[in-house]
Amino acid sequence: MGTPALRESATLFPKKRRRPHRGYASSVWWFVLPAAVLYVFAVVVPSAQGSFFAFTDWDGVSPNPSPVGFEQFTKILSDPNAVIAIRNTLLVAIVVMVVQNILGLLIALGVNSRIKSRNVLRVLIFAPVVITSIAVGFLWKNLLAPDGAVNQGLEAIGLGALRQNWLGDPDVAIWAIMIVMIWQFVGYSMVIFLAGLQGIPDEVLEAASIDGAGSIRRFWDIVRPMLAPAITINLMLSLISGLKVFDQVWVMTQGGPGGATNTISTLIYSNAFQLGRFGYGAALAVVLTIFVAIASAIQYRLLARQES
Amino acid sequence: MKSAAVLPIAALSVIAVGLVGCSTGGAGGGGDDSTLTISGWSGDETMEAIIAAFEKDNPGVNVEFTGLPWPNILTQINTELVSGTASDVVVVFPGNGNPITAQTLAKGDYLVDLSSQPWVSEFNDANKAVMGADGEILMVANNFTIIPATYNTQALEELGVSAPQTWSEVLDLCTAAKDKGKVAYALGGLAGGTFHYLPYALTATLVDGPNPDFATEQAAGDVTFSDSEWSTAFEQYTEMLDAGCFTTDTLGTSLEIAQEQVAKGDAVGIVTVSNHISDIEGYAPEGTTFETAAFPATDDPSETILPVGLGAGYGVNAKGNVELAKKFIDFYMSEEGLNIALDAGSIFPTVPVEGFEPIPALAGVAEQVQSDRTAAFPDQTWPNSNVNQVYMDQVQKLLGGQTSIADALAAMDSAYAE
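Reading the values: rules and limits
Residues numbered from 1 in each chain as written. Chains lettered and ligands numbered in written order. Predicted model: local features only at pLDDT ≥ 70, side-chain atom pairs only at ≥ 80, totals over all residues. Heavy atoms only, no water. Pairing = 2+ DSSP bridges. Helix = DSSP H or I, 4+ residues; strand = E, 2+ residues; numbered from the N terminus. Axes fitted to C-alpha atoms, helices over the stretch in contact; angles between N-to-C directions. Contact = heavy atoms within 4.5 Å. Disulfide = S-S within 2.5 Å. Buried < 20%, exposed > 50% of the residue type's maximum accessible area, 1.4 Å probe, protein only. Polar contact = N/O pair within 3.5 Å; in protein donor to acceptor, adjacent residues only side chain to side chain.

*Asks:* Any details on the sheet that holds strand 2 (residues 62-68) of chain B? Residues and values, ideally.
*Replies:* Residue and element names in this part refer to chain B. Strand order in this open sheet of 4 strands is 2-1-3-10, and the pairing throughout is mixed. Sheet topology places strand 2 and strand 10 (313-316) at the edges, where each strand pairs with a single neighbour. Across the sheet, the mean angle separating the axes of adjacent strands is 30 degrees when strand polarity is ignored. Here strand 1 (residues 35-41) runs beside strand 3 (residues 89-92); their pairing, made up of 2 bridges, is parallel. Of the residues in strand 3, the one forming a bridge with isoleucine 38 is valine 89. Those strands touched by helix 2 (residues 45-57) are strand 1, strand 2 and strand 10, and its axis lies near 170 degrees from that of strand 2.

*Asks:* I'd love a proper account of the state of the cysteines, names of residues and values included.
*Replies:* By definition, a disulfide links two cysteine residues through a covalent bond between their sulfur atoms. All names here are of chain B. By the definition in use, this model includes 1 disulfide over all chains. Between cysteine 174 and cysteine 245 runs a disulfide, and the two sulfur atoms are separated by 2.0 Å. Linking cysteine 174 and cysteine 245, the disulfide has an S-S dihedral of approximately 110 degrees and is accordingly described as right-handed. Taken as a pair, cysteine 174 in helix 7 (residues 167-179) and cysteine 245 in the loop between helix 10 (230-242) and helix 11 (255-263) lie far apart in primary sequence, 71 residues in all. As far as burial versus exposure is concerned, cysteine 174 and cysteine 245 are alike and both buried.

*Asks:* Now, about unusual backbone geometry: what can you tell me, with residues and values included?
*Replies:* All names here are of chain A. Proline 257 follows glycine 256 through a cis peptide bond whose omega is -5 degrees. Its location among the elements puts proline 257 in the loop between helix 12 (247-252) and helix 13 (264-274). The backbone of glutamine 254 sits at a positive phi, close to 50 degrees, despite the residue not being glycine. If you trace the backbone, glutamine 254 turns up in the loop between helix 12 and helix 13. Assessed through its relative accessible area of 38%, glutamine 254 is described here as partly exposed.

*Asks:* With reference to specific residues and values, describe the side chain of glutamine 72 of chain A.
*Replies:* Residue and element names in this part refer to chain A. Here glutamine 72 is to be found in helix 3 (residues 71-78). There is a polar contact of 2.8 Å between the side chain of glutamine 72 and the backbone oxygen of threonine 56. When neighbours within four sequence positions are excluded, glutamine 72 is seen to be in contact with Ala54, Thr56, Asp57, Gly279, Tyr280 and Ala283.

In structure tokens form, the structure reads like this:
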């Protein structure tokens, strides 16, 4: 803070804005160049190469793949496994996104209150996030076994009628996998919502209370709009991870029984790396990329409009 | 140096370092004549023992072993062979059906032809047919994999029966086991389980027994799954399912749970590959013993054929240290190498070894293997990996009641024709 005289002189003789040095702009680009080249080398080129194989019949082994145009893409539409995988991928992405974020928000509201054990609860709920998905898959594969802890627990509390063949029933298995995904990542959504909630000033909520706003009104008119950035991030991340789901499915069912839990990612892996149908796997990967891009763009635009 | 010049140089240096770090380092292999690299199974103590003996017999030779787990071994070895960075000696499966089988890899000349090696003459034509392609021998395995029915002897005694020798006795065992609150045959229907082995056991007797040329005729388009005894095999499989022969909720049962069931006597038997016997023994309480028998599909025991296939073995990377790799493969198949493998436990050697005694659990099928009343695993002659994938899916669907036998076989025929 300067003296009044100095402040006056600063107003009378405004400091001449310094123009950037002539070489400044070009030197910035030199700093960007290494990262840009590495990005092109590690991401853009392999992605382009992968996309190229989607237009060939490469089996992952033969040295000279033949071009087949859009044949691999048309095959996707007539492949019942691919249709099931696309349906499952969309189902998982939407259900996990909605349920995980509703639960994450409710939990965040709960542990943002002044209850005594809130820190312990935050840690417990966040803990599954730091476990690798592979480990989570193996853990739940055992818990969901026909005589596993989940069914035994249901029997023990008198809910034996709800006992299921969780991973063996084609109609139930995909839902069991979604429950596991939500269990694992609800803490992730909770943490982001919690950070958003802690950025809302208490005075605003107190003023609303004094003005007679009830808890639902306070949530809808104050908390929800101020949480918009957190909602955007959470929805985007959960949608993308739902579309890409692989680990949990692969560990628990490998896409079975009878292909009932395949997702686009598991189908990409099995076709490209187990069945030697690299071209078909690459075509599925291109489809997945398009799905992710379109879904993310639509969601981002809708949520950005809401934020503004 | 002026700063304007320093920036580009620094930037390019970072790029160069980055690219060097990302590079693969050229062709694979050990890098010098006295170093041999091998990619095998993680935790393969038998291989480690063979390597130690090889190094002892060849002073100055250093063997670097990389153990890889299932199923990563498939993708890693395949990718390394294609990119020219594979070890000198790599795991290769016989026949077709996955990315590192002899016939898949034959398309790219990635493996060395071993047909002039001394041990080749020990193998019969059926085996040679799945060890390579177009007259070349691209891999060799020192052990057979067998698909017997493995029984918990104490559980059989508790029921007062012996291992079934006929199809009727199989169904009788199912009834007897159910009456005692047991499962006759543990069946892991979850992915990676045991659900796909029992049809192989049935088709060995029903398909390959009456027609040993079935695979050749199928390749020529003269026969199909749908118009063969495969339909009888699937009928018998579903008959067992309907008769309550298998673990309840079989599609949700993992390999480990199925193994535990037979190990602890909750199930009387299991139809699975011989490699699993040591795992089952590991789960079993002390004093439990196991016995094996060929799984019957008819009521005439003399018709029963045992599925026996070459196990996973090794091939030589064409871009590696070829001479030293061949020397190692010869050692692996030598009497000394085979004896080391036999000392390590549950293997059935692919070539005669003097004084060989199978482990006690495999004694029940030893005579049948040695007298060659056997058939190869059908998947080793299927023309593409997708047949196997479709087969697995269809068997799971049959167990789940989601398809008919006719539709399942039609789907397999369709995959075969791709």
